[in-house]
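Given next are the chains, with one letter for each unit.
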Amino acid sequence: MSNDILFKPLKLGALNLPNRIVMPALTRMRAGPGGVPNALNAEYYGQRASAGLNITEATAISVQGHGYPQMPGIHSSEQIEGWRLVTSAVHAQGGRFVLQIVHHGRWSHSSYNPDGSLPVAPSAITPPGNAYTITSEQVPYETPRALETSELPSIVADFRQAAKNARAAGFDAVEIHGANGFLLDQFLQDGSNKREDAYGGNIENRTRLLLEVVDGIADDIGRDRVGVRLSPHGNLGGLSDSDTVPHFGYVISELSKRDLAYLHLIEPRASSAGIADDASIDSADNATLFRHLYHGPVITAGGYTPEMGVVAVERGLADAVAFGRMFIANPDLPERIRAGMPLNAFDRSTSYGGGAHGYTDYPALRATTASAA
Ligand SMILES: Cc1cc2nc3c(=O)[nH]c(=O)nc-3n(C[C@H](O)[C@H](O)[C@H](O)COP(=O)(O)O)c2cc1C
């Protein structure tokens, strides 16, 4: 099968991609103290700059928005300086670089808040499972505090400031994380949102916070530098929705009116990081269900092989394809796909935390690619 279609240039808003192979957000928990990105992070992202689009790991918009140890932030001047090192490395290699911005909401822990205050959420519902504390202990999730209506403008303001900080740090665009069970997704899905104010109840209300964030950031940095990631049917963090298809159909139709850089959809077969080894193109149902509702460019993610990616783009289900675990293991993934070369295997054990091993030491086909930072 020819994979030429993955190497056709693509315009995503203000960004011109030389290929359609996207490195999606991948949390690696290797930032320095204070969530400040460092030289090792710059080397890692610089190695992967041949992606058509390179998207960072989820990055916290505020102190309250953190939820993993050694997760980076974009709310302090030290973090902005740290990210400058990383954006320079990617741009020096000719890449296009997007910052994924997130608030963890109920998927956080009080240890991240200097005053020990509880995590916040749309409603005071305890998520299933264990949180990572700031010192990497695993403890049961706490019952979050429901945000007051009067506090929501400050959440929007934090997202907006984070996007401005991203531009100041040298990023080309931001991706608003509305997927995978974090705060904005907690508002979208009715299993976690039991609010009775203008941000809960019907579909329009549950979408309100996301759209306020999108519109605010679009005003500040330009709509052509804003992407949104969603995971319809995603149940990470114990999320659920009683009416997924009409609900996300509404969200996607609203986003479509806004002429953003792109919409990034995660397929449910891989909405939990890395479970999709037996996936096939026939289970690519979010792209099939929602593509027609979105008039701009769509990136699809979740359990794709290069062959499945070719089929998705050929069928018009997406314009670009993200490869997560493959990009962790293969810094030069586009070159390998183009040449039909074997891929390095992904080592799950080094995914989260640690140092260079399993991070910057996956070999490239050509040594110069791997060592260039
Ligand atoms: C180690 C790891 C970390 C991840 N971190 C994030 C993240 O920070 N933000 C996000 O939106 N998705 C995250 N994901 C999901 C990926 O972006 C992607 O959607 C998922 O891995 C499915 O793609 P794949 O089958 O090609 O790996 C993560 C996945 C993995 C494996």
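Just so it is clear, the model here is predicted, and its values are computed rather than measured.

## Quick word on the confidence of the model for the protein chain
Counting all residues, the mean pLDDT for the protein chain is 94, and 94% of those residues have values of 70 or more. No element of the protein chain has a lower mean pLDDT than helix α11 (residues 367-371), which averages 51, and none a higher one than strand β11 (residues 173-177), which averages 99. Taken as a whole, residues 369-373 scores under 50 in pLDDT and shows 12 contacts with residues more than four places along the chain or in a different chain.

## Quick word on the nonpolar core
Judged by nonpolar contacts, the single largest core of 73 residues is most densely connected at I101, F159, I176, L210, I217, L230 and L255. If near-sequence neighbours (up to four positions away) are discounted, I101 is found in contact with T59, I61, I74, F159, A162, A163, V174, E175, I176, H177 and I217. In terms of nonpolar packing, the next biggest core, distinct from the first, is built from 16 residues, L10, L12, A173 and A301 among them.

## A few points about the site of the ligand
The full set close to the ligand counts 18 residues, and A25, T27, R229, G303 and R325 are the nearest of them. Among the residues making up the shell around the ligand, the classes are represented as 8 nonpolar, 8 polar and 2 charged.

## Focus on helix α2 (residues 77-92)
Between the first and last C-alpha of α2 there are 22 Å, a value that for 16 residues agrees with the 22 Å anticipated at 1.5 Å per step. Residues Q79, I80, G82, W83, V86, T87, A89 and V90 constitute the buried set of α2. Residues of α2 that are buried in the fold lie against α1 (39-47), β5 (59-60), β6 (97-102) and α3 (152-168). Of the residues flanking the end of α2, it is G94, one or two places downstream, whose phi is positive at about 85 degrees.

## Some words on the packing of helix α5 (residues 203-221) against helix α6 (residues 244-256)
Running from N to C, α5 and α6 cross one another at 30 degrees; their axes reach a closest spacing of 10 Å. Between α5 and α6 lies a crossing of right-handed hand. Where α5 abuts α6, its residues I203, E204, R206, T207, L210, L211 and V214 lie against P246, H247, Y250, V251, E254 and L255. For the contact of α5 with α6, a count of residues per class yields 8 nonpolar, 2 polar and 3 charged.

## Looking at α3
Along its 17 residues, α3 runs 25 Å from first to last C-alpha, staying within 8% of the 24 Å computed at 1.5 Å per residue. Among all positions in α3, only L152, I155, V156, F159, A162, A163, N165 and A166 are buried. Buried residues in α3 make contact with α2, β6, β11, α4 (183-188) and α5.

## Points about the packing of aromatic side chains
Tallying each qualifying case throughout the model produces 9 aromatic pairs. Aromatic side chains F97 and F171 sit 4.8 Å apart centroid to centroid with 50 degrees between the ring planes, which places their arrangement in the tilted category. Residue F97 is located in strand β6, and its partner F171 is located in the loop between α3 and β11; the two are separated by 74 residues in the primary sequence. With a relative accessible area of 1%, F171 lands in the buried category. Aromatic pair W107 and Y141: ring centres 6.5 Å apart, planes at 10 degrees, arrangement stacked. Of this pair, W107 sits in the loop between β6 and β7 (120-121) while Y141 sits in the loop between β9 (138-140) and β10 (145-146), and the two are 34 residues apart along the sequence. Among the residues examined, W107 registers a relative accessible area of 12% and is labelled buried. Among the aromatic side chains, those forming a connected cluster through ring pairs are Y44, Y45, W83, F97, F171 and Y359.

Cut-offs applied
- Residues numbered from 1 in each chain as written.
- Predicted model: local features only at pLDDT ≥ 70, side-chain atom pairs only at ≥ 80, totals over all residues.
- Heavy atoms only, no water.
- pLDDT = per-residue confidence, 0-100.
- Helix = DSSP H or I, 4+ residues; strand = E, 2+ residues; numbered from the N terminus.
- Contact = heavy atoms within 4.5 Å.
- Core = buried A, V, L, I, M, F, W, Y, C linked by side-chain atoms within 4.5 Å.
- Buried < 20%, exposed > 50% of the residue type's maximum accessible area, 1.4 Å probe, protein only.
- Near = heavy atom within 4 Å.
- Nonpolar A, V, L, I, M, F, W, Y, C, P; charged D, E, K, R; others polar.
- Expected span 1.5 Å × (residues − 1).
- Axes fitted to C-alpha atoms, helices over the stretch in contact; angles between N-to-C directions.
- Left-handed = near helix turned anticlockwise from the far one by under 90°.
- Phe/Tyr/Trp six-rings, centres within 6.5 Å; stacked < 30°, edge-to-face > 60°.

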